[in-house]
Amino acid sequence: MDRPADHPTILTGKVGVLLVNLGTPDAPDAKSVKRYLKQFLSDKRVVEIPAIAWQPILRGIILNTRPKKSAHAYAQVWTDEGSPLAAITAGQARALQSRLGDAAIVRHAMRYQSPAMDKELDALLAMGCERILVAPLYPHYSGATTASALDALADWIKARRRLPALRTLPPYHDDPAYIAALHADLSRQIEALDFVPELLLLSYHGMPERTLHLGDPYHCHCRKTSRLVGERFAQSHPDLRIETTFQSRFGRAKWLEPATDTVLIAEGRKGTKRIAIAAPGFSADCLETLEELAIRGRDDFVAAGGTHFASLACLNTGDDGMAMLEALTRRELAGWI
Ligand SMILES: C=CC1=C(C)c2cc3[nH]c(cc4nc(cc5[nH]c(cc1n2)c(C)c5CCC(=O)O)C(CCC(=O)O)=C4C)c(C)c3C=C
Ligand SMILES: [Fe+2]
Ligand SMILES: [Fe+2]
């Protein structure tokens, strides 16, 4: 009798690591963006409005207007290797694989679009992995990101007969390895600038404010990262002021404040001339950092009177970030030995 597709022929005792990020369109055109947004914004973890009320708004309004606008934004940051988020996440998986060597098989997946989580989990199983670490690359826990990735894992679990042993990487917003990586990487980038910033803005993706009152730890996680990174900078760069903001507001509800664009304008107006902005909540540069911060953020700040603006890169595939990911991964794998 044929074996079912998810049934590995030989079990080898191998360990798999699946890096997971949010997902991105396959191409910077309205059709691909629409497909992506439809999947993303239909996730009940992302838009917590009953489907009966939300789906008509999504299908009737948002999916008819936003894809064209967003596709234009994606086109401005698209690379030869595709969407920056996709290219960088693939690079992180390759870099982690070479750091871990025989200790694990590393793959990557996206919560939305491709490579799909279920296919990548099946691939690890087919390669003989009896233990799999699923690592959502979100330092700060939120229902919309971390929990949603775990929902997709749960769906995969429910649909398979034979399962590996599983672990998931916890949020790492206050992990000394993450704080040290951010401080080292951002310090190096700041030292390489041709100006001395007065202000380092730490901009995190926003969330509806309501989620904070419902008990989502996201806001507190972001604030704690800022405090810990700020303590390091107070030692190394005592004249650098550090502020926290939230970007990428979506929809009509109140989102976490202060908003990044509002603060950039207010700082420019009150006479701040030189700003560096970083986005510690994003493991990889993406639309939200390369277009919203680096292009529109600069325009906002300069129009308000600023003269020097630098958008700093995310940890991406740099040594500081990869050493941190290796340390976090090895710690989880050690729990299995
Ligand atoms: C890093 C953490 C993220 C949180 C928290 C988050 C919450 C969140 N996002 C939306 C709506 C959109 N986000 C979009 C893009 C996007 N979001 C994240 C990360 C977080 N989102 C990333 C990494 C990206 C970039 C994807 C890329 O392709 O580069 C978009 C799509 C782009 C657009 O049309 O503007 C939307 C929409 C909500 C509603 C939400 C919390 C409830
Ligand atoms: Fe988002
Ligand atoms: Fe908080």
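Values in this document were obtained by computation on a predicted structure and should not be read as measured data.

Peer 1: What should I look at first to understand the site of ligand 1 in this one?
Peer 2: The immediate surroundings of ligand 1 are formed by 21 residues, with Thr-24, Ser-70, His-205, Cys-286 and Leu-287 found nearest. Elements represented by at least two residues in the shell around ligand 1 include exactly α2 (51-77), α5 (143-158) and α10 (287-303). Taken together, the residues of the shell around ligand 1 sort by class into 11 nonpolar, eight polar and two charged. In this structure, the shell around ligand 1 is formed jointly by two domains, domain 1 (30-77) and domain 2 (176-311), each of which donates at least three residues.

Peer 1: Looking at this structure, I do not really get the environment of Gln-189. What am I missing?
Peer 2: Relative to the elements of secondary structure, Gln-189 occurs in helix α6 (residues 176-191). Along the chain, Gln-189 and Asp-261 lie 72 residues apart, while their C-alpha atoms are 22 Å from each other.

Peer 1: Help me understand the domain arrangement of the protein in this model?
Peer 2: Interfaces are often described in size by the accessible area the parts lose on coming together. Per the domain assignment, the segments of the protein are domain 1 (30-77) and domain 2 (176-311). Using only C-alpha atoms to locate each centre, domain 1 and domain 2 end up separated by 26 Å. Contact with domain 1, which involves four residues of that partner, is made by four residues of domain 2. When its residues are assigned to classes, the side of domain 1 that touches domain 2 shows three nonpolar, one polar and no charged.

Peer 1: Could you clarify how one ought to interpret helix α8 (residues 218-236) in this entry?
Peer 2: The periodicity of an α-helix, 3.6 residues per turn, causes residues three or four places apart in sequence to face the same way. Spanning 19 residues, α8 covers 27 Å between terminal C-alpha atoms, matching the ideal 27 Å at 1.5 Å per step. Within the sequence span of α8, burial applies to Tyr-218, His-219, His-221, Cys-222, Thr-225, Val-229 and Phe-233. Projected onto a plane normal to the axis of α8, the buried residues spread over an arc of 160° and lie on a single side. Exposed positions of α8 whose direction lies more than 90 degrees from the buried face are Glu-231, Ala-234 and Gln-235. In this structure, the buried side of α8 is in contact with α6, β5 (199-205), α7 (209-213) and β6 (241-247).

Peer 1: Quick question: what am I supposed to make of the sheet that holds strand β2 (residues 105-110) here?
Peer 2: Within a sheet, neighbouring strands are paired by backbone hydrogen bonds and run either parallel or antiparallel to one another. Here we have four strands laid out as an open sheet, ordered β2-β1-β3-β4, and parallel in their pairing. Every other strand in the sheet has two partners, leaving β2 and β4 (165-168) as the edge strands with one partner each. Strand-to-strand twist across the sheet, computed as the mean angle between neighbouring axes with direction ignored, equals 20°. Where strand β3 (residues 129-136) and β4 come together, four bridges link them in parallel fashion. Residue pairing for β4: Leu-133 is matched across the bridge by Arg-167. Across the sheet, helix α3 (residues 84-100) touches β1 (14-21) and β2, and the angle it forms with β2 is around 165°. Along the sheet face, α5 touches β1, β3 and β4 and points at about 155° away from the line of β3.

Peer 1: When you look at the UniProt feature "binding site: Fe(2+)" (unreviewed entry) in the protein in this model, what are you seeing that I'm missing?
Peer 2: Those residues carrying the UniProt feature "binding site: Fe(2+)" (unreviewed entry) are His-205 and Glu-288 in this numbering. Spatial clustering of the annotated residues is evident: they stretch over 84 residues in sequence, but the largest pairwise C-alpha distance comes to 8.1 Å. Here His-205 is to be found in strand β5. Those residues in contact with His-205, other than ones at most four positions away along the chain, are Gln-247, Ser-248, Gly-281 and Glu-288. Here Glu-288 shows up in helix α10. The exposure class assigned to Glu-288 is buried, which follows from the 22 C-beta atoms found within 10 Å. Residues contacting Glu-288, with those up to four places away along its chain left out, are His-205, Gln-247, Ser-248 and Phe-282.

Peer 1: Teacher, can you tell me more about the nonpolar core here?
Peer 2: Counting residues in hydrophobic clusters, the biggest one holds 78 residues, and the most contacted among them are Val-17, Leu-18, Leu-19, Val-20, Ala-135, Ala-276 and Ala-278. Domain assignment of the residues forming this core places at least three in each of domain 1 (30-77) and domain 2 (176-311). Ignoring sequence-local partners within four residues, the contact set of Leu-19 consists of Thr-89, Gln-92, Ala-93, Leu-96, Val-106, His-108, Ala-135 and Leu-137.

About the cut-offs
Residues numbered from 1 in each chain as written. Chains lettered and ligands numbered in written order. Predicted model: local features only at pLDDT ≥ 70, side-chain atom pairs only at ≥ 80, totals over all residues. Near = placed C-beta within 6 Å. Helix = DSSP H or I, 4+ residues; strand = E, 2+ residues; numbered from the N terminus. Nonpolar A, V, L, I, M, F, W, Y, C, P; charged D, E, K, R; others polar. Domains from an automatic or database assignment. Contact = placed C-beta atoms within 7 Å. Expected span 1.5 Å × (residues − 1). Buried ≥ 20, exposed ≤ 12 C-beta atoms within 10 Å, placed from the backbone. Arc of directions from axis to C-beta. Pairing = 2+ DSSP bridges. Axes fitted to C-alpha atoms, helices over the stretch in contact; angles between N-to-C directions. UniProt positions renumbered as here; feature names shortened; annotations may be inferred. Core = buried A, V, L, I, M, F, W, Y, C linked by C-beta atoms within 7 Å.

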